[in-house]
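A closer look at the structure
Chain residues, written in single-letter form:
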Amino acid sequence: MFEYKKAVERFLCIFFPSRCVFCTKVQPPLRLECSDCKIKVKTIEEPICTYCGCEKEDCCCKKSRKFYNGIVSPYYYEDKVRHAMSDFKFGENTVAARLLGEKMADKAKEIYSKIDFDIITFVPMTDKKQRKRGYNQSELLAKEISEHLNIAVENNVLIKIYENDLQHGLNAYLRSGNIIGVYDVTDRDLVKDKTILLCDDIKTTGETLNECAKMLIINGAAQVWCLVGALTGKRKKQTSPKEG
C-alpha cells in the first residue's frame, strides 16, 4: 500500500511538482524538504521534557501533570514550521502530511521506543467542520505515522460532539473550560486496557489533548501518550562565548 501511494504521488508530480513544505521551492519528485531547510529548520532534540515536549533547557512547565502520560514533537511552532503547519491546516496542502508524519514517527521511535502501543488515534473534528475543510489534518498525520510505525489507526475512537469557540482566541484559563464535555469515546471496548498514541497537529496549552486523554482514561485506557506536529515553546537563544 505504501509503495502504491508513492507510485501515485510520483505520477502526480508530472502535473503538480513537489515543493518544499517549509519554503515552497520546487523539488525533485517525492522530495518535500529542500537541502537548505533540512539544515536550517531545527528539530527538538534530547534531552526532552515529556511533560511539555520542549527541550529541557527551554522547559518552564514545572512538570505540570496532565491526563496524558507524555508528549513529544519534532518541531517548535515557529518560523518556517509555523508557515508549513498553516499551509497544511488551512491551505489544503495535504501532501505535507507525508513529511510531517514521517518526522513525527521518527520522534516517536526516538523517545517512545520502549512503549508498546496498541493503537493510534487522533483529535477529531465535528462532522460539519470536517465537511467544510474537506479533511481532518490530525487524521492525515495519524495515518502517515501508522505506516511508519506499523501500528493500526482507529478512526472512530473519539468523537467531537459539538463545536466550541476557537481555542487560539482564548487565554489559558478560558481554554480549559472551553472544551469540557466537547469530546467523548464512541466505544469503551476500543480503548479498554489499551496503550494509545494520540496525535494532533499543533499543541499550544495542551488543553485539547488533555481533554481527549481524559476521556480515554475515563473509559478504561491504560496509558495515553501524545505526538504532535509542532508545539509552542520558546527556544532559548544560544550565545557564543566571547573571544579574548
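As the structure is a computational prediction, the values presented were derived from the model and not from experiment.

Reading the values: the criteria
Residues numbered from 1 in each chain as written. Predicted model: local features only at pLDDT ≥ 70, side-chain atom pairs only at ≥ 80, totals over all residues. Heavy atoms only, no water. Helix = DSSP H or I, 4+ residues; strand = E, 2+ residues; numbered from the N terminus. Buried < 20%, exposed > 50% of the residue type's maximum accessible area, 1.4 Å probe, protein only. Areas by Shrake-Rupley, 256 points an atom, 1.4 Å probe, with all protein chains shown as cover. Salt bridge = Lys/Arg side-chain N within 4 Å of Asp/Glu carboxyl O. Patch = residues over 30% accessible without salt bridge, like charges linked within 9 Å, V, L, I, M, F, W, Y side chains within 5 Å. Phe/Tyr/Trp six-rings, centres within 6.5 Å; stacked < 30°, edge-to-face > 60°. Contact = heavy atoms within 4.5 Å.

Our next topic: the overall build of the chain. A tally of helices and strands in the chain yields 9 helices and 6 strands. Classification of the 244 residues of the chain by burial places 47% in the buried group. Taken as a whole, the chain presents about 13,500 Å² of accessible surface, with 51% of it coming from carbon and sulfur.

Attention shifts here to the pattern of salt bridges. Summed over all chains, the structure comprises 8 salt bridges. A salt bridge links Lys25 to Asp36, with the nearest nitrogen and oxygen atoms 3.8 Å apart. Taken as a pair, Lys25 in the loop between α1 (2-12) and α2 (35-40) and Asp36 in helix α2 lie far apart in primary sequence, 11 residues in all. On the accessibility criterion, Lys25 (46% relative accessible area) is partly exposed. The class of Asp36 is partly exposed, set by a relative accessible area of 37%. In this structure, the salt-bridge partner of Lys214 is Glu211, at a minimum N-O distance of 3.2 Å.

What follows covers unusual backbone geometry. Omega for the peptide link from Glu46 to Pro47 comes to 0°, which places this bond in the cis form. As for its placement among the helices and strands, Pro47 is situated in the loop between α2 and β1 (70-72). Of note, the phi angle at Leu30 is positive, near 75°, even though the residue is not glycine. With respect to the helices and strands, the residue Leu30 is situated in the loop between α1 and α2. A relative accessible area of 16% places Leu30 in the buried class. For Lys62, which is not glycine, the phi dihedral falls at a positive 55°. When you line up the elements, Lys62 lands in the loop between α2 and β1. Judged by relative accessible area, Lys62 falls into the exposed class, the value being 79%.

Taken together, Ile159, Ile161 and Tyr162 make up a surface patch of nonpolar side chains, about 280 Å² in accessible area. Considering the arrangement of structural elements, one finds Ile159 in strand β3 (residues 158-160). Overall, the relative accessible area of 41% leaves Ile159 in the partly exposed class.

A separate point is the packing of aromatic side chains. Counted according to the given criterion, the structure contains 3 aromatic pairs. Seen from their ring centres, Tyr112 and Phe117 are 5.7 Å apart, and the 65° between their planes marks the pair as edge-to-face. Taking relative accessible area as the criterion, Phe117 reaches 12% and is therefore assigned buried. Clustering of aromatic rings is evident, with ring pairs tying together Tyr112, Phe117 and Trp225.

The topology assignment puts Asn69 in the loop between α2 and β1. Judged by relative accessible area, Asn69 falls into the partly exposed class, the value being 30%. Leave out the neighbours within four places in its chain, and Asn69 touches Gln223, Val224 and Trp225.

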